[in-house]
Amino acid sequence: MLQELEKRLLKAWKTLSNFKLRQHMIYLVFAILIGVLMNGGAWYLIFIFLVYLRRFPKTYWIYFLIFLISFSYYHTLEHQTKLHTNASLEPTEALVVKIKKQSREKQTAILEIGSERIYWTTSSVEPKLMPGDIVLVNGELNVPMAATVPNGFDFKQYLSHKKVYLTLYTNEFELIGHQFTIRQWQYELAQQIEMNFPPLTGAYMKAWLLGMTDDLEEEIQTLYSELGIIHLFAISGLHVGLLSFLLRFVLKRLGVIEELSQLIVIVALVLFMVISGGSPSIVRASGMSILLMINKRLRLNLSSLDVFSILFLVNVCLNPRQIYQLGFIYSYWMTFILICFQPTFQKLGTKSLFFFLPFIAQCASAPIQLYFYDEINVLSYLVNLWVIPLVSLCLLPLLILTILIPFIAPLTNHLLMLFESVIVGSASLFTWNWIVGEFSLNLLLGLLLLFLGNGYVFEKKRCFSNYAISIILVIFLLESHRFFVSESQFTMLDVGQGDSVIIQSSYRRCSVVVDTGGTYQFTGKPKPIFSTTLEPFLKGEGIRTIDYLILTHGDFDHVGEAVSLLQTFEVKEVLTNGQPLNELMKEIEEVAKEVGTIFRQVKQEEVLTCGNQILTFLQSNQIKSDENAASLVFTLEMDGFSALLTGDMGVSEEAEILSRYQLNQLTVYKAAHHGSKTSNSNSFLRRLSPMITLVSSGRKNRYGHPSVELIENLKQLEIPLLNTQYDGSIQFKIRRDRLSIQSFPPYVYNVQ
């Protein structure tokens with residue numbers, strides 16, 4: 001038996017020793033990716049190994065083993081966050097690993113305590129932190145919140161992909177020492193730039209040369225994103241190519257021999273990776289340049305695809321979690337596409353390549369952008385045609401020249417101001433967003449394979465009609481996916497201490513938004529929440545047009561984000577309670593007129609029919625001094641589902657409604673005034689007898705919402721309660737009179 005085992009081991013070793021890495025490494029990459037994608041639900045990819053079995057009958061087991069390791073590792077990784085719980089942290093020394101953001105209000109950084117990494121926020125802005133600082137901190141360690149808004153940003157998942165599972169907030173800290181870290185080079189260079197150059201010039205130097213975008217205005221970053229040119233701030237092959245070219249040119253002029261020149265360039269690229277933060281795009285671009293130089297010098301005869309595969313495998317082995325980072329996905333996918341299309345590019349002339357290369361890049365990145373952001377700017381191709389040459393041939397070299405010749409900094413600053421002015425002007429001309437909504441990983445893979453198939457056909461036949469047909473097919477598939485939704489939905493969003501409800505009819509027949517939420521700030525300006533609540537939800541649902549925006553009353557926590565909603569989406573009508581307008585409501589009315597939206601009062605007992613929704617308004621039309629008492633109140637009926645929405649009305653309005661209308665056996669009662677004791681009387685709840693009561697309230701809110709009285713009344717009447725504090729957003733789906741309920745709690749274990 002031992003002899004048989006020895007023979008098998010010798011046979012396996014012989015197979016392994018004869019394993020040809022050259023030209024085959026890309027299949028190792030595919031094996032790893034299959035393991036990752038199967039963890040995401042694409043189980044059918046297991047059948048790809050039938051192709052492996054046919055293609056590599058002797059070495060098949062090596063690829064399958066790599067796949068099993070990949071699948072097992074990433075499956076374990078997905079469940080690792082459950083091992084962490086909230087805990088108290090006694091005064092402890094911690095190392096500042098990375099500075100995330102520094103502002104006038106706070107500092108955020110990644111701390112390292114032993115083997116644990118922690119996302120730390122402190123309201124103390126002095127002393128100013130830098131990587132390598134050793135600080136003394138204490139406080140409550142908390143598990144990060146998961147996404148409580150469907151399609152919203154998942155902070156918990158974002159941190160887990162960076163091996164961070166706990167957060168810490170402190171008001172103060174003690175700086176007790178410092179130790180050298182490579183990251184502090186980047187920080188010290190940034191400080192030198194701040195001291196020696198004008199603010200705008202310094203901001204772009206840090207963004208394009210160090211990968212630090214904190215100093216760029218938030219509004220201009222938003223414009224770059226909307227125009228589809230935010231990729232300019234991901235240091236990549238553009239920057240590496242320019243740096244290598246300039247360095248080689250200078251060394252050649254100085255008479256440096258080729259061998260020494262290559263060595264200097266390699267060292268410079270390694271240093272560039274370090275000082276620019278080591279993002280996936282810069283590591284990929286610099287790494288490929290270094291490996292290609294080594295390949296050429298040592299005559300290894302590795303193809304571009306081999307070099308790409310080596311770099312991918314090394315990166316994933318050193319930091320497996322980065323495979324989930326969007327920058328990593330974009331960088332490696334786009335590089336893979338450019339390598340695959342290399343034979344086609346070589347056959348094209350310079351003029352054709354100028355138009356064709358951005359077109360291929362746009363088509364290749366579009367499915368990924370749609371998958372992660374639910375929308376794409378269709379006109380970004382036109383913007384990239386002139387912005388990329390302008391940045392790569394003019395602005396980026398000018399910034400490097402400014403570092404070498406500092407006295408031209410005022411001129412550079414003026415040109416950058418002009419560039420930003422052009423970007424602002426272009427936003428209105430070159431922005432046409434196509435919202436498709438959230439779609440599955442399977443559809444994404446189908447779109448990517450369709451693109452690769454078209455590239456193969458184009459290389460053989462050089463016919464653009466295939467791309468035209470494919471683009472039409474993609475539009476048809478995504479529009480069909482967006483339109484054919486057979487469920488109606490009622491969703492109460494988690495907007496903190498505010499209100500927002502979205503009602504959707506099946507097959508996109510009608511979309512109604514009731515209030516928008518808004519966060520009070522008792523000191524300073526209100527904190528906008530639209531981009532983290534309503535906007536991602538509506539775009540994720542594929543909603544482009546809102547039939548009715550119902551504003552129950554003028555309090556900021558109900559209508560604070562209405563202006564942003566009107567400026568982002570097409571809204572047909574805004575319905576109000578007809579009370580005298582406060583300053584905020586006047587602003588909303590003015591913006592509504594600017595964008596061509598009807599702004600009107602809704603009457604008592606007015607009935608609106610929209611798709612399969614029937615909305616009946618119950619509130620009095622009398623002018624009232626109390627804004628809450630004047631809230632719009634209405635019932636909703638939709639495919640057997642019924643709900644009562646009440647704004648912030650009080651007990652007197654409840655009594656008035658009970659005396660006028662017969663309301664009973666509701667599916668949902670949205671508790672008035674966030675569950676306040678000034679509303680939601682026992683008699684009102686007893687009469688309504690809803691199947692479930694919903695409360696929209698902020699976590700640890702200062703008002704004590706929902707009130708103890710409401711909770712006791714609901715327990716007495718045996719009416720279940722769902723509260724956004726603990727349950728996150730709450731969504732009801734109605735299909736053929738069948739009702740399902742889904743919540744999006746901030747934590748795995750919901751304690752109420």
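Every value quoted in this text rests on a predicted model; they were computed, and no experiment measured them. (Residues numbered from 1 in each chain as written. Predicted model: local features only at pLDDT ≥ 70, side-chain atom pairs only at ≥ 80, totals over all residues. Heavy atoms only, no water.)

A. Representation of the overall build of the protein. What the protein contains, in helices and strands, is 27 helices and 23 strands. Overall size of the protein, expressed as C-alpha extent along the three principal axes, is 95 × 75 × 60 Å. Out of the 752 residues belonging to the protein, those deemed buried represent 50%. The contacts in the protein between residues at least 6 apart in sequence include a share of 69% that link residues at least 24 apart. Just so you have it, the protein exposes about 37500 Å², and 60% of that area is on carbon and sulfur atoms. When the 61 basic and 63 acidic side-chain charges of the protein are each reduced to a single mean position, those positions are 15 Å apart. (Helix = DSSP H or I, 4+ residues; strand = E, 2+ residues; numbered from the N terminus. Buried < 20%, exposed > 50% of the residue type's maximum accessible area, 1.4 Å probe, protein only. Contact = heavy atoms within 4.5 Å. Areas by Shrake-Rupley, 256 points an atom, 1.4 Å probe, with all protein chains shown as cover. Lys, Arg positive; Asp, Glu negative; His and termini not counted. Charge placed at Lys NZ, Arg CZ, Asp CG, Glu CD.)

B. Inspection of helix H17 (residues 409-429) at higher detail. In this model H17 runs 31 Å from its N-terminal to its C-terminal C-alpha over 21 residues, within 8% of the 30 Å that 1.5 Å per residue would give. Within H17 the residues assigned to the buried category are Ala409, Thr412, Asn413, Leu416, Phe419, Glu420, Ile423, Ser426 and Ala427. Taken down its axis, H17 places every buried residue within 140 degrees of arc, on the same side. Facing away from the buried side of H17 by over 90 degrees, the exposed positions are Pro410, His414, Ser428 and Leu429. Residues of H17 that are buried make contact with helix H7 (199-210), helix H8 (218-227) and helix H16 (380-404). (Expected span 1.5 Å × (residues − 1). Arc of directions from axis to C-beta.)

C. Local environment of the sheet that holds strand S17 (residues 634-638). In spatial order, the strands read S15-S16-S17-S18-S19-S20-S21; together these 7 strands make up an open sheet with mixed pairing. Where the open sheet ends on each side, the last strands, each with one partner, are strand S15 (607-610) and strand S21 (721-723). Looking at each pair of strands side by side, their axes are set apart by 20 degrees on average, direction ignored. (Pairing = 2+ DSSP bridges. Axes fitted to C-alpha atoms, helices over the stretch in contact; angles between N-to-C directions.)

D. Structural detail: the environment of Val135. Note that Val135 resides in strand S4 (residues 133-142). As for Val135 and Ala592, which are separated by 457 residues in sequence, their C-alpha atoms are 51 Å apart. The residues touching Val135, leaving out its near neighbours within four places in the chain, are Thr92, Glu93, Ala94, Val96, Leu111, Trp120, Leu129, Phe173, Glu174, Leu175 and Ile176.

E. Spatial organisation of unusual backbone geometry. Pro127 follows Glu126 through a cis peptide bond whose omega is -5 degrees. Structurally, Pro127 can be placed in the loop between strand S3 (116-122) and S4. The amide bond that connects His705 to the next residue, Pro706, takes the cis arrangement and shows omega of -5 degrees. Positionally, Pro706 belongs in the loop between strand S20 (692-695) and helix H26 (708-717). Unlike most non-glycine residues, Arg508 shows phi in positive territory, near 60 degrees. Looking at the secondary structure, you find Arg508 in the loop between strand S10 (501-504) and strand S11 (511-514). Of note, His673 is a non-glycine position whose phi angle comes to about 50 degrees, a positive value. Looking at the secondary structure, you find His673 in the loop between strand S19 (668-670) and helix H25 (682-688).

F. Inspection of the nonpolar core at higher detail. Within the largest apolar cluster, 58 residues are counted, with the highest numbers of intra-cluster contacts made by Phe312, Ile323, Trp333, Ile337, Phe439, Phe451 and Leu478. Considering every element that reaches this core, the biggest residue donor is helix H2 (residues 25-39), with 9 residues. When residues no more than four places from it in sequence are discounted, the contact partners of Leu478 are Leu370, Trp434, Val436, Phe439, Leu443 and Leu447. Formed by 44 residues, the second largest nonpolar core is a distinct cluster that contains Ala203, Ile229, Val383 and Leu416. (Core = buried A, V, L, I, M, F, W, Y, C linked by side-chain atoms within 4.5 Å.)

G. Molecular detail of the packing of helix H6 (residues 183-196) against helix H10 (residues 258-275). Relative to each other, H6 and H10 sit at 80 degrees, their axes nearing to 7 Å. Accordingly, the angle class assigned to the pair H6 and H10 is roughly perpendicular. Of the residues in H10, those in contact with Trp185, Gln186 and Leu189 of H6 are Leu271, Val274 and Ile275. Classifying every residue of the contact of H6 with H10 gives 5 nonpolar, 1 polar and no charged. (Parallel < 35°, antiparallel > 145°, perpendicular 65-115°, else oblique. Nonpolar A, V, L, I, M, F, W, Y, C, P; charged D, E, K, R; others polar.)

H. Just the state of the cysteines, in detail. By the definition in use, this model includes 1 disulfide. There is no disulfide at Cys340, and the cysteine sulfur nearest it, in Cys363, is 15 Å away. Classification of Cys340 by relative accessible area gives partly exposed; the value is 29%. When its relative accessible area of 17% is taken as the criterion, Cys363 is described as buried. (Disulfide = S-S within 2.5 Å.)

I. Spotlight on the pattern of salt bridges. For the structure on display, the rule yields 16 salt bridges. Between Glu653 and Lys624 there is a salt bridge whose closest N-O contact spans 3.7 Å. On the criterion of sequence distance, the pair formed by Glu653 in helix H24 (residues 651-660) and Lys624 in the loop between strand S16 (613-617) and S17 is long-range, its members being 29 residues apart. A residue is classified by how much of its surface remains accessible, and Glu653, at 12% relative accessible area, is buried. You can call Lys624 partly exposed: its relative accessible area is 22%. (Salt bridge = Lys/Arg side-chain N within 4 Å of Asp/Glu carboxyl O.)

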